[in-house]
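In case you want the letters, here they are:
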Amino acid sequence: MVALCLLACPLAHAAGVRVEIRGVDEELRANVLAYLSFERYKKGGADLNADTIERLHNRVEREVQSALRPFGYYEPQVESSVSDLGHGEWRVTININPGKPVLVAHIDVRVDGSGENDPLFQRILRHLPLHDGERLNHTAYESIKTDLQRTAATYGYLDARLIRNELVVDPPNRKANIALELDTGERYYFGATSIRQNVISDALVRRYIRYHEGDAFDLTQVLRTQFALDDSQYFSNLEVLPGDPDRSTHIVPVNIHADPSRRHRYSFGAGYATDTGPRGTFGFEDRRLNSRGHSFSVEVQAAQVTKYSLQTRYNVPIGDPAVEKLTLGGTVEQRQLADVTTRTLSAGPSITEVTGSWQHVWLLTGMRTTGEDLNGSRTDRLLVPGADLASVPKGYLGEALFEHPFFAELRGSHAALGSDANFIQLHVQAERVFRLGRKWHLLLRDEVGASLVSRFSQLPTVFRFFAGGDNSVRGFAYNDLSPTEAVCTRSPTGQFLRNPDGSCQAIAQYIKVGGKDVITGTVEVIRDLPKNFGIAAFFDYGNAFDSFAQLARKCSPAAAQQQVCTSLQYSVGIGLRVRLPVMTLGVDIAEPLSEQCSPATQGSPASCRRPGPRLHINFSPKL
């Protein structure tokens, strides 16, 4: 409350002097404060006596006039007074009537030379920040000049110069005329690129270059080449610099110089999230096995959910090596998915390509996976072809992406490939952040997954869907939302007691085994706070289930027991966001709005209950 009052208060406080400015909006007030000697003295911490106060007071009118002139107010009326509050405290009151502003009578901005019809300059001319009849703004005028000159220097018009640069102000008549004219001269083109390095083959280095000899010079493509080579992690002390332009041929050569980076990289990490619990990671990477740029990596991770995971990757640059590669990968892992423990061994190749704003990954994975629960275990041997499609930002250069606005994966397997299961599965995720104002944001997230399989038991556990957790339906535990499966009571010898048709004579309990389909979503509003903090309010919904036909708004305990219906689960909550240099810490408290129903077992009747609030802690690149 105190912070809000200070933000809303028109007083600027500092030791010794309080300055009160009236009659102007916040933008003008801020500029007046920047010009006032009173403010500079306060920030310097100097003691102010009566003589100094009088001397600074004599400057007020002149300083206010200078502060308002850039905004088109050339004849403001200024009244100021100083009050001695005692004990070395002073109050300065400034009343400002800015008067009528100077208006732009005529603005004429032209581009001549070879770049006259270039869309880059035409875009500037179509979107000028000043127009005839508008209030004069010196900052907008300077921005037009800066945009013209920067565009010329960036896109190859290296001889460009302003041949007219006029701002004529007539304060008595409150009008101003602006005339700007840029002569672009001839455009320059890329010349030859010289390379000095002994890390990888020069042929591979040239495949990272974002421009071609003979193209129109574009400094942004030189920078993108620098970024692409940096991201390759082959080099240190990398420089990609334009050479001296040849004024007669209008050619700009480019020089690339680089030293080798450290070949081997070791990484250690520890973390915590309410989904995974404590976790630790160890990684090793050989960044360049040979001059063709091949690399190899190993990562070992252990956590509460992922009991252990060993992943290896052998990467071969292909096509455009900044964004495309062939990967031979292998994974050995054990995971706890609700009430099912899975052990998976997988290996196979994948090809990553980027076309426009889309990344495609084509993969073929051979795997052996075992799912084990209280009803026993099942082992599947599968050959799974698949494809991933993800949106990537403009100018993407292969850097690691923390999130995708759109991501879809398609997987499938069939007995014709020698697999033990026949299925096809589509999983789509989408996320978008909308700016609602200077400090307000709206985050929308949706997820849909669907599986086509003749019998649910044929779908291996590693391909089943679960919901609930930090990045799903908060208010419910990780993987807590899932279809259930009955566990029969046992005989004294340990055998399951079943009827002739295979059903249980009596049900000891139900376990969560995952579903064929899933729907989840989030609506979240974030408010920025000072000091890299933020607060959020959110609404989550979703569930995992075995058929979209079962999805219903209401689902009684009896119907749930027979697995004939499923209802979406809902939760709301609030959270704190702490923005760190490379990620955001989220601390959320979520309250479920819907009840979870438990079917009847031998020891208890069917019942429904609403879980209590849950704490969720996670790190993410999101807002």
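Source: prediction; values computed, not measured.

Conventions used here
- Residues numbered from 1 in each chain as written.
- Predicted model: local features only at pLDDT ≥ 70, side-chain atom pairs only at ≥ 80, totals over all residues.
- Heavy atoms only, no water.
- Disulfide = S-S within 2.5 Å.
- Helix = DSSP H or I, 4+ residues; strand = E, 2+ residues; numbered from the N terminus.
- Buried < 20%, exposed > 50% of the residue type's maximum accessible area, 1.4 Å probe, protein only.
- Salt bridge = Lys/Arg side-chain N within 4 Å of Asp/Glu carboxyl O.
- Patch = residues over 30% accessible without salt bridge, like charges linked within 9 Å, V, L, I, M, F, W, Y side chains within 5 Å.
- Areas by Shrake-Rupley, 256 points an atom, 1.4 Å probe, with all protein chains shown as cover.
- Expected span 1.5 Å × (residues − 1).
- Polar contact = N/O pair within 3.5 Å; in protein donor to acceptor, adjacent residues only side chain to side chain.
- Axes fitted to C-alpha atoms, helices over the stretch in contact; angles between N-to-C directions.
- Parallel < 35°, antiparallel > 145°, perpendicular 65-115°, else oblique.
- Contact = heavy atoms within 4.5 Å.
- Nonpolar A, V, L, I, M, F, W, Y, C, P; charged D, E, K, R; others polar.
- Pairing = 2+ DSSP bridges.
- Core = buried A, V, L, I, M, F, W, Y, C linked by side-chain atoms within 4.5 Å.
- pLDDT = per-residue confidence, 0-100.
- Phe/Tyr/Trp six-rings, centres within 6.5 Å; stacked < 30°, edge-to-face > 60°.

Examining the state of the cysteines
Covalently bonding the sulfur atom of one cysteine to the sulfur atom of another cysteine gives a disulfide. Enumeration over the complete set of coordinates arrives at one disulfide. Bridging Cys488 to Cys504, the disulfide has an S-S length of 1.8 Å. A torsion of -75° about the S-S bond marks the disulfide between Cys488 and Cys504 as left-handed. Placement of the pair is Cys488 in strand β22 (residues 484-488) and Cys504 in the loop between β22 and β23 (507-512), with a sequence separation of 16 residues. For Cys488, a relative accessible area of 2% corresponds to the buried category.

Some thoughts on the pattern of salt bridges
Tallied over the entire structure, the rule returns 21 salt bridges. In this structure, Glu142 engages Lys145 in a salt bridge whose closest nitrogen and oxygen atoms are separated by 3.3 Å. Pair noted here: Glu142 and Lys145 are both in helix α7 (residues 138-154), with a separation of three residues, about one helical turn. By relative accessible area, Glu142 is classed as partly exposed at 37%.

Some remarks on a nonpolar patch on the surface
Side chains of Tyr266, Phe268, Phe282, Val300, Tyr308, Leu310, Val332 and Leu345 sit close together on the surface and give an oily, nonpolar patch of about 750 Å² of accessible area. At the level of elements, β11 (264-273) and β14 (306-317) are the ones that each hand at least two residues to the nonpolar patch. When you line up the elements, Leu310 lands in strand β14. Given a relative accessible area of 35%, Leu310 falls into the partly exposed group.

Comments concerning α7
Helical periodicity: at 3.6 residues per turn, an α-helix aligns residues three or four positions apart in one direction. Relative to the 24 Å expected for 17 residues at 1.5 Å per residue, α7 spans 24 Å between its end C-alpha atoms, a close match to the ideal helical length. Regarding α7, the residues found buried are Ala140, Tyr141, Ile144, Lys145, Leu148, Thr151, Ala152 and Thr154. For α7, the N-terminal cap is Asn137; the gap from its side-chain oxygen to the backbone nitrogen of Thr139 is 2.9 Å. One or two steps after α7, the chain reaches Gly156, where phi turns positive at roughly 95°.

As for the packing of helix α6 (residues 119-126) against α7
The geometry of α6 relative to α7 is characterised by a closest axis approach of 10 Å and an angle of 170° between their N-to-C directions. Viewed along their axes, α6 and α7 adopt a mutual orientation that is roughly antiparallel. Taking contact as the criterion, the partners of Leu120, Phe121 and Ile124 in α6 are, on α7, Asp147, Leu148, Thr151 and Ala152. Grouping the constituent residues of the contact of α6 with α7 by class yields five nonpolar, one polar and one charged.

Observations regarding the pairing of strand β16 (residues 340-355)
Summarising the sheet, strand β15 (residues 325-337) and β16 pair through 13 bridges and their orientation is antiparallel. Looking at β16, one finds that Lys325 is bridged to Thr352. Linking two consecutive strands that pair antiparallel, namely β15 and β16, is a turn of two residues; a positive phi of about 55° is found at Ala338 within it. Two strands pair when backbone bridges link them, and β16 and strand β17 (residues 358-373) are joined in this way by 13 bridges, in the antiparallel orientation. Counterpart to Thr344 in the pairing with β17 is Thr369. Between β16 and β17, which pair antiparallel in sequence order, lie two residues; one of them, Gly356, sits at a positive phi of approximately 60°.

Quick look at the sheet that holds strand β7 (residues 175-183)
Read across the sheet, three strands follow the order β5-β7-β6 without closing on themselves; strand pairing throughout is mixed. The open sheet is flanked by β5 (103-112) and β6 (161-170), the only strands paired with a single partner. In this sheet, neighbouring strand axes are inclined to one another by 5° on average, regardless of whether the strands run parallel or antiparallel. Where β5 lies against β7, nine bridges are found, and the strand directions are parallel. Along β7, the bridge assignment pairs His106 with Asn177.

Focus: unusual backbone geometry
A positive phi angle, close to 65°, is found at Gln233, a residue other than glycine. Relative to the elements of secondary structure, Gln233 occurs in the loop between α9 (219-231) and β9 (235-242). For Gln233, a relative accessible area of 33% corresponds to the partly exposed category.

Structural notes on the sheet that holds strand β10 (residues 251-260)
Here we have three strands laid out as an open sheet, ordered β8-β10-β9, and mixed in their pairing. The sheet is open, and its two edges are formed by β8 (189-196) and β9, each paired on a single side. Looking at each pair of strands side by side, their axes are set apart by 15° on average, direction ignored. With six bridges joining them, β8 and β10 adopt parallel strand pairing. Bridge pairing links Arg196 to His257 in β10.

Overview of the nonpolar core
Counting 28 residues, the largest nonpolar core has Leu229 and Phe235 as the members making the most contacts within it. Of all elements in the fold, only β8, α8 (202-207), α9, β9 and β10 reach the threshold of two or more residues within this core. If you tally residues by element for this core, the top one is β10, at four residues.

Thoughts on the confidence of the model for the protein
In this model, the protein carries an average pLDDT of 89, and 91% of its residues clear a pLDDT of 70 or more. Below pLDDT 50 for its whole length, residues 1-15 participates in 17 contacts with residues either more than four positions away or in separate chains.

Notes on the environment of Arg381
Looking at the element boundaries, Arg381 is found in strand β18 (residues 376-391). Arg381 sits in the partly exposed class, given a relative accessible area of 46%. On a C-alpha basis, the gap between Arg381 and Ala421 in space is 8.1 Å, while along the polypeptide they are 40 residues apart. Sequence-distant contacts of Arg381, defined by excluding residues within four places in its chain, comprise Met367, Arg368, Gly418, Ser419 and Asp420.

Describing the packing of aromatic side chains
Given two aromatic rings, one states the distance between the centres and the angle between the planes to describe the pair. One pass over the full model with this rule turns up twelve aromatic pairs. Considering the side-chain rings of Phe190 and Phe217, the 5.0 Å spacing of their centres and the 45° angle between planes classify their relative orientation as tilted. In this pair, Phe190 sits in strand β8 while Phe217 sits in the loop between α8 and α9, placing the two residues 27 residues apart along the sequence. A ring pair is formed by Phe539 and Tyr570, whose centres lie 5.9 Å apart and whose planes are at 15°; its orientation type is stacked. Placement of Phe539 in strand β25 (residues 533-545) and of Tyr570 in strand β26 (residues 569-579) is noted, with a sequence separation of 31 residues between them. Its relative accessible area of 30% is what places Phe539 among the partly exposed residues. Three or more aromatic residues link up through ring pairs in this structure, and these residues are Phe190, Tyr211 and Phe217.

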